[in-house]
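Below, each chain spelled out in residue letters.
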Amino acid sequence: MKNLQVLYNSLEYYLTGLAYIAAAILVGLIVKLLLFRLLNLYNRTDNPYLVKLLTKHLSKPFSLFLPLLCVSILLPSLSYSPGTLQGLKRLTEILDIIVFAWILIKFTDVGRDLVRQKYAIEKEDNIRERRLITQLQFMRKLMVVIIIFLATALILLSFEPVQKRVPAC
């Protein structure tokens, strides 16, 4: 019976923290929902092209970014053991880097769509516009590769064994 009580106490300890984390995720999702509802209402009235593109491309990444941000803010106040807290902080840092890289990639999509809207290729003599679109596609792909490379480097540098191998400048 005593073992059962100890198991219940430790389970209650972890479940309370998980409930707080779930509440933080829920708050982040509600903030994202409200923010993008307001942006969609703004799109209906004035219909600015940039805001429309931002809501179109950034809705999914912000569905992860805002809950992760709320969890990151909550983590220091949890009463977990230092080892558990360190593991959770490491996990949220890695996820933050990944989601932030995703947001930056989506910003390149916004820029691409803005340029494509400005330079229409439907006209007859469109060689200049097609050349510009091709250069834009190359630049976007290069930016995506750079973003992924930097995100991977940041994730790897968050681990101690990799930090120890990197020579100081």
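Above: the structure in question.
Just so it is clear, the structure is predicted and the values come from calculations on it, not from any experiment. (Residues numbered from 1 in each chain as written. Predicted model: local features only at pLDDT ≥ 70, side-chain atom pairs only at ≥ 80, totals over all residues. Heavy atoms only, no water.)

A.B. asks: Mind laying out the overall build of the protein, listing which residues take part and the relevant values?
C.D. replies: Along the protein, the regular secondary structure elements total five helices and zero strands. Written out in order from the N terminus, the α and β elements of the protein read α-α-α-α-α. Principal axes of the C-alpha set define a box for the protein whose edges measure 85 × 50 × 25 Å. Scored against the burial criterion, the 169 residues of the protein give a buried share of 26%. A fraction of 72% describes how many contacts in the protein between residues 6 or more apart in sequence connect residues 24 or more apart. Here the protein has roughly 12,200 Å² of accessible surface; of this, 69% comes from carbon and sulfur atoms. (Helix = DSSP H or I, 4+ residues; strand = E, 2+ residues; numbered from the N terminus. Buried < 20%, exposed > 50% of the residue type's maximum accessible area, 1.4 Å probe, protein only. Contact = heavy atoms within 4.5 Å. Areas by Shrake-Rupley, 256 points an atom, 1.4 Å probe, with all protein chains shown as cover.)

A.B. asks: If you had to explain the pattern of salt bridges to someone new, which residues and values would you point to?
C.D. replies: Within the structure shown, the criterion is met by four salt bridges. Residues R112 and D109 are paired through a salt bridge, measuring 3.6 Å at the closest nitrogen-oxygen approach. Here R112 pairs with D109, and both are found in helix α3 (residues 82-118), just three residues apart, close to one helical turn. Neither R112 nor D109 differs from the other in exposure class; each is buried. Put simply, R112 and D113 hold a salt bridge, and the shortest N to O gap is 3.3 Å. (Salt bridge = Lys/Arg side-chain N within 4 Å of Asp/Glu carboxyl O.)

A.B. asks: Summarise the side chain of T55; cite the residues concerned and give the values.
C.D. replies: In this structure, T55 sits in helix α2 (residues 49-74). Here K52 takes part through its backbone oxygen, which lies 2.8 Å from a polar atom of the side chain of T55. Dropping the residues within four chain positions of it, T55 is found in contact with F36, L39, N40 and N43. (Polar contact = N/O pair within 3.5 Å; in protein donor to acceptor, adjacent residues only side chain to side chain.)

A.B. asks: Describe in detail the environment of I133, supporting the description with residues and values.
C.D. replies: Tracing the sequence through the fold places I133 in helix α4 (residues 127-157). With a relative accessible area of 11%, I133 lands in the buried category. With 21 residues separating them in the primary sequence, I133 and R112 have C-alpha atoms 8.4 Å apart. Those residues within four positions of I133 in sequence are excluded, and the remaining contacts are R116 and I121.

A.B. asks: Explain a nonpolar patch on the surface to me, using residue names and the numbers behind them.
C.D. replies: A surface patch of nonpolar side chains, amounting to about 690 Å² of accessible area, comprises F138, M139, L142, M143, I146, F149 and L150. When you line up the elements, F138 lands in helix α4. For F138, a relative accessible area of 54% corresponds to the exposed category. (Patch = residues over 30% accessible without salt bridge, like charges linked within 9 Å, V, L, I, M, F, W, Y side chains within 5 Å.)

A.B. asks: Would you mind going over the packing of α3 against α4 in detail, with residue names and values included?
C.D. replies: Between α3 and α4, the least distance of the axes is 10 Å, while the angle of their chain directions is 170°. Between α3 and α4, the angle is such that the two are roughly antiparallel. Listed contacts from α4 to I94, I97, I98, A101, L104, I105, T108, D109, R112, V115 and R116 of α3 are L132, I133, L136, Q137, R140, M143, V144, I147, I148, A151, L154 and I155. When the residues that make up the contact of α3 with α4 are grouped by side-chain class, the tally is 17 nonpolar, two polar and four charged. (Axes fitted to C-alpha atoms, helices over the stretch in contact; angles between N-to-C directions. Parallel < 35°, antiparallel > 145°, perpendicular 65-115°, else oblique. Nonpolar A, V, L, I, M, F, W, Y, C, P; charged D, E, K, R; others polar.)

A.B. asks: Go over the packing of α2 against α3 with me, naming the residues and quoting the values.
C.D. replies: Between two packed helices, what matters for the description is the angle formed by their axes and the separation of those axes. Put simply, α2 and α3 touch, their axes get as near as 9 Å, and they point 175° apart. One finds that α2 runs roughly antiparallel with respect to α3. Taken together, the residues of the contact of α2 with α3 sort by class into 18 nonpolar, four polar and seven charged.

A.B. asks: A description of α2 should follow, citing residues and the corresponding values.
C.D. replies: For an α-helix the count is 3.6 residues per turn, leaving residues at separations of three or four pointing the same way. Given a rise of 1.5 Å per residue, 26 residues ought to cover 38 Å, and the 36 Å separating the end C-alpha atoms of α2 matches this to within 8%. Along α2, the sharpest kink reaches roughly 55°, centred on S59 and followed within four residues by the proline P61. Of the positions making up α2, those classed as buried are V51, L53, T55, H57, L58, P61, F62, L66, P67, L68, V71 and L74. (Expected span 1.5 Å × (residues − 1). Bend = angle between axes of the 7 residues up to and from the residue.)

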